[in-house]
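# Coordinate analysis (summary)
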Protein chains: 2
Amino acid sequence: MKTISENRCFGGVQGVHAHASEACACDMTFGLFLPPAAQDGPVPVLWYLSGLTCTHENAMVKAGAQGWAAEHGIALVFPDTSPRGPGVADDAAYDLGQGAGFYVNATQDPWAPHFRMWDYVAEELPRILTANFPIDDSRQSITGHSMGGHGALTLAMGLAGRYRSVSAFAPICNPTASDWGRKQLGAYLGPDEAAWARHDATLMMRAQGLDAPLLIDTGTSDQFGDHLRTEALAQAIAERRQAATIRLQKGYDHSYFFVSSFMEDHIAFHADALHA
Amino acid sequence: MKTISENRCFGGVQGVHAHASEACACDMTFGLFLPPAAQDGPVPVLWYLSGLTCTHENAMVKAGAQGWAAEHGIALVFPDTSPRGPGVADDAAYDLGQGAGFYVNATQDPWAPHFRMWDYVAEELPRILTANFPIDDSRQSITGHSMGGHGALTLAMGLAGRYRSVSAFAPICNPTASDWGRKQLGAYLGPDEAAWARHDATLMMRAQGLDAPLLIDTGTSDQFGDHLRTEALAQAIAERRQAATIRLQKGYDHSYFFVSSFMEDHIAFHADALHA
């Protein structure tokens, strides 16, 4: 564990830390915001999973989350979106390889040796957080944007009981039926689509549902709306009678201007569950 | 006038616009946030002047200002920090030339033909705003960060009556006595230091003071604290018995994590003046 930077922020500390990752077999960097309340003991944590092309840094500087997290006494963790480094496989496309881990454990070469983001976010990084910081791992919630929304939804349904609440900003909802998904799941998991199903929020919602409160915001002017397939997840939620709030926000697009506009709502939503 | 982008943000619109500038004799780009209230008629405007190396974009994506501006019904304008382009003089150093206009009208070559940021911010851009957007130019306030705090303070004192309130985040307070100032004022204005005085907030405070409410926040852990010379301006304010609030914020540094932490306070401060 190496601390890269620490900045005072809303009375707490925005840190950036790096460590040798076993899951990803490379060095990994993450952002961690500790609210002022963390000075008095362990605090609950909200995971924020980022989208395509992002590192740990994008949401940390653009999502406007720290002020609300400080107010509610919640830590924020911002993992990277993939393994990185010169020895890590990559692709010329922005939506495959480094910056595009899709929160799966790759089984196919050349990705298999490093692209194990599911294990990293589900197992390794939680252990590192609780071992090194005042984080109460019995109180975790998860959110994310775009590919990170896909990650939040699939991790939450795949790890029943782990997260007290789940939200997403413009999530990829049905990757097995989308250009944002078929290419990547095929590359990372191989051609057998049966292996893709546990990484598709819509299929998981149909098959099992979610054991936690759910909030989704997506803009009506999202320029990637066709890739998100919000309609498929909305239908699955309604068919299942899953308790959830799905908001189509008029005029908003896919940018962080959209994410930051609704961050207050999302953190208040998670705070209700984390402080219940 | 060309609109580069528009994103829905906190119920308003974050725009980026470009235009041929007469003052700077090149194309200039600025950000403009219009709050929801602008749909019903002209709104007051808060100028945000950025610091060294920044473009119009940094504060627009990192300062967390739009939410508070939306709440208070205030437009935000984010000018660039210098003229730019292949025909515009530059310097290898980060703190001179493009990205480092220091909000002066240069009189010295090679800077004189384009580096007229005082005229751009004081005269040209206000005209463009009121001609093209629902901005009430009788209600303007100004803030800025670092070099932009210097700009906010010196423009406000140089244009008495223009701004209803003035604030700054970690401003350069006394550039005629600082490595952040002597080099640049010498380069842009020449060796005669008499010409520098109207671009030094501490000297202006001593000579004339300010006709508007003033709020300054600077971190006690600012890594550039020696360059800022907050102590010189604080002394001048106290000697003059100038109404002002100067806050030294414990543990904060020079970053946008600092700026965003106190943005709510600054916008509320300006809103009091703009809606009085």
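Check the entry above for the structure.
Residues numbered from 1 in each chain as written. Chains lettered and ligands numbered in written order. Predicted model: local features only at pLDDT ≥ 70, side-chain atom pairs only at ≥ 80, totals over all residues. Heavy atoms only, no water.

## Let's talk about the overall build of chain A
Cut-off, in case you're wondering: Numbering of helices and strands starts at the N terminus; helices are DSSP runs of H or I of at least 4 residues and strands are runs of E of at least 2. With a 1.4 Å probe rolled over the protein chains alone, any residue whose accessible area is under 20% of its type maximum counts as buried; one over 50% counts as exposed, and the rest are partly exposed. By definition, residues are in contact when any of their heavy atoms lie within 4.5 Å. Shrake-Rupley sampling with a 1.4 Å probe provides the accessible areas, and residues are treated as covered by the protein chains on show and by no other component. Charge convention: Lys and Arg are scored as positive, Asp and Glu as negative, and His as well as the terminal groups of each chain are ignored. To locate a charge, take atom NZ for lysine, CZ for arginine, CG for aspartate or CD for glutamate.
Along chain A, the regular secondary structure elements total nine helices and nine strands. Seen through its C-alpha atoms, chain A measures out along the principal axes to roughly 50 × 45 × 30 Å. The proportion of buried residues among the 276 residues of chain A is 62%. Taking the intrachain contacts of chain A between residues at least 6 apart in sequence as the baseline, contacts between residues at least 24 apart amount to 73%. Put simply, chain A shows about 9900 Å² of open surface, and 48% of that area lies on carbon and sulfur atoms. Mean positive and mean negative side-chain charge positions of chain A (18 and 30 charges, respectively) differ by 3 Å.

## A word on a negative patch on the surface
For clarity, the threshold we go by: Patches were defined on residues exceeding 30% relative accessible area and lacking a salt bridge, with like-charge contacts within 9 Å and nonpolar side-chain contacts (Val, Leu, Ile, Met, Phe, Trp, Tyr) within 5 Å. We count a salt bridge whenever a side-chain nitrogen from Lys or Arg sits within 4 Å of a carboxyl oxygen from Asp or Glu.
There is a patch of like negative charges on the surface, built from E71 and E264 of chain A together with E71 and E264 of chain B. Tracing the sequence through the fold places E71 of chain B in helix α2 (residues 66–72). According to the relative accessible area criterion, E71 of chain B is exposed, its value standing at 58%.

## Examining the state of the cysteines
The line we're drawing: Any two cysteine sulfur atoms lying within 2.5 Å of each other are counted as a disulfide.
What the rule picks out here adds up to zero disulfides over all chains. The cysteine C24 of chain A is free of any disulfide, with C26 of chain A supplying the nearest cysteine sulfur at 5.3 Å. What makes C24 of chain A buried here is its relative accessible area of 0%. Not engaged in a disulfide, the cysteine C54 of chain B finds its nearest cysteine sulfur in C9 of chain A; these two sulfurs lie 17 Å apart. Using a relative accessible area of 6% as the deciding quantity, one classes C54 of chain B as buried.

## A word on the nonpolar core
Worth spelling out the cut-off: In plain words, nonpolar cores are sets of buried Ala, Val, Leu, Ile, Met, Phe, Trp, Tyr and Cys residues tied together by side-chain atoms within 4.5 Å.
By size, the foremost hydrophobic cluster in this structure holds 185 residues, and its most contacted members are Y188 of chain A together with Y188 of chain B. Excluding residues within four positions of it along the chain, Y188 of chain B makes contact with L96, G97, A100, G101, F102, V104, A106, T107, Q108, W111 and F115 of chain B.

## Overview of the environment of N58 of chain B
Looking at the element boundaries, N58 of chain B is found in helix α1 (residues 57–62). When sequence neighbours within four positions are dropped, the list of residues in contact with N58 of chain B reads A63 and Y256 of chain B.

## Here we look at the interface of chain A and chain B
Heads up, the condition is: By convention, the term buried area covers the 1.4 Å-probe accessible surface removed from two parts as they join, with the contributions of both added. Within 3.5 Å is the distance limit for a polar contact, defined as a pair of N or O atoms, with the added protein rule that one can donate a hydrogen and the other accept it, and that residues adjacent in sequence qualify only through two side-chain atoms. All amino acids are sorted into three groups, where Ala, Val, Leu, Ile, Met, Phe, Trp, Tyr, Cys and Pro are nonpolar, Asp, Glu, Lys and Arg are charged, and the leftover types, Gly among them, are polar.
Taken together, the 21 residues of chain A in the interface contact 21 residues of chain B. Summing both sides of the interface, chain A and chain B together bury roughly 1600 Å²; the carbon and sulfur share of this comes to 61%. Run the count over chain A and chain B and you get zero salt bridges. Joining chain A to chain B, the criterion identifies eight residue pairs in polar contact (both at pLDDT 80 or more). Counting only elements with at least two residues in the side of chain A that touches chain B, the list comes to β1 (2–9), α1 (57–62), α2 (66–72) and α9 (256–274) of chain A. Residue composition of the side of chain A that touches chain B, by class: eight nonpolar, eight polar and five charged.

## Some details on the side chain of S141 of chain B
All names here are of chain B. Tracing the backbone shows S141 in strand β6 (residues 135–144). Assessed through its relative accessible area of 0%, S141 is described here as buried. Looking at S141, its side chain comes within polar contact range of the side chain of S165, at 2.7 Å.

## Some remarks on the relation of the copies chain A and chain B
Threshold: A residue counts toward the fit only if its pLDDT is at least 70 in both copies, and the copies are then superposed by least squares on the C-alpha atoms of those residues.
Of the transformation placing chain A onto chain B, the axial shift is 0.0 Å and the rotation is 180°, giving an RMSD of 0.0 Å. One copy is carried onto the other by what is essentially a two-fold rotation axis. Interface overlap between copies: 100% of the residues of chain A at the interface are likewise at the interface in chain B, consistent with a symmetric, same-surface contact.

## Here we look at the environment of A273 of chain B
Residue and element names in this part refer to chain B. With respect to the secondary-structure elements, A273 resides in helix α9 (residues 256–274). A relative accessible area of 14% places A273 in the buried class. Residues A273 and A212 lie 61 residues apart in sequence; the distance between their C-alpha atoms is 8.9 Å. Non-local contacts of A273, meaning those with residues more than four positions away in its chain, are made with R164 and S165.

## A word on the pattern of salt bridges
Residues and elements named next belong to chain A. The final tally for this structure, using the stated rule, is 18 salt bridges over all chains. Residue R84 is joined to D80 by a salt bridge in which the shortest nitrogen-to-oxygen separation is 2.7 Å. The partner of E231 in a salt bridge is R229, and the shortest N-O contact between them spans 3.9 Å. The exposure class assigned to R229 is partly exposed, which follows from its relative accessible area of 25%.

## What to know about helix α5 (residues 182–189) of chain B
Residues and elements named next belong to chain B. Note the following rule: By arc we mean the arc of the directions from the helix axis to the C-beta atoms, nothing more.
For α5, the full list of buried residues reads Q184, L185, Y188 and L189. Taken around the axis of α5, the buried residues stretch over an arc of 95°, which confines them to a single face. Positive backbone phi, at 90°, marks G190, one or two positions downstream of α5.

## Here we look at the packing of aromatic side chains
All names here are of chain A. As a reminder, the rule being used: Stacked, edge-to-face and tilted are the three classes for Phe, Tyr and Trp ring pairs, Trp counted by its six-membered ring, which pair at centre distances within 6.5 Å; planes under 30 degrees apart are stacked, over 60 edge-to-face, the rest tilted.
Going through the model one piece at a time under the given rule, you end up with 21 aromatic pairs over all chains. A centroid spacing of 5.9 Å and a plane angle of 50° characterise the contact between Y48 and F78, whose relative ring orientation is tilted. With Y48 in strand β4 (residues 43–49) and F78 in strand β5 (residues 75–79), the pair connects residues that are 30 residues apart, well separated along the chain. Residue class for F78 comes out buried when judged on its relative accessible area of 0%.

## Things to note about unusual backbone geometry
One can expect most non-glycine residues to show negative phi and most peptide bonds to be in trans. In this structure, P110 of chain A follows D109 of chain A across a cis peptide bond, with omega equal to 5°. As for its placement among the helices and strands, P110 of chain A is situated in the loop between β5 and α3 (117–132). Phi at Y103 of chain A is positive, roughly 55°, even though this residue is not glycine. Tracing the backbone through its elements, the reader meets Y103 of chain A in the loop between β5 and α3. The residue R241 of chain B is not glycine, and still its phi comes out positive at about 60°. Topologically, R241 of chain B is positioned in the loop between α8 (230–240) and β9 (245–249). What makes R241 of chain B exposed here is its relative accessible area of 72%.

Fair warning: the whole summary comes from geometry, so function is off the table for now.
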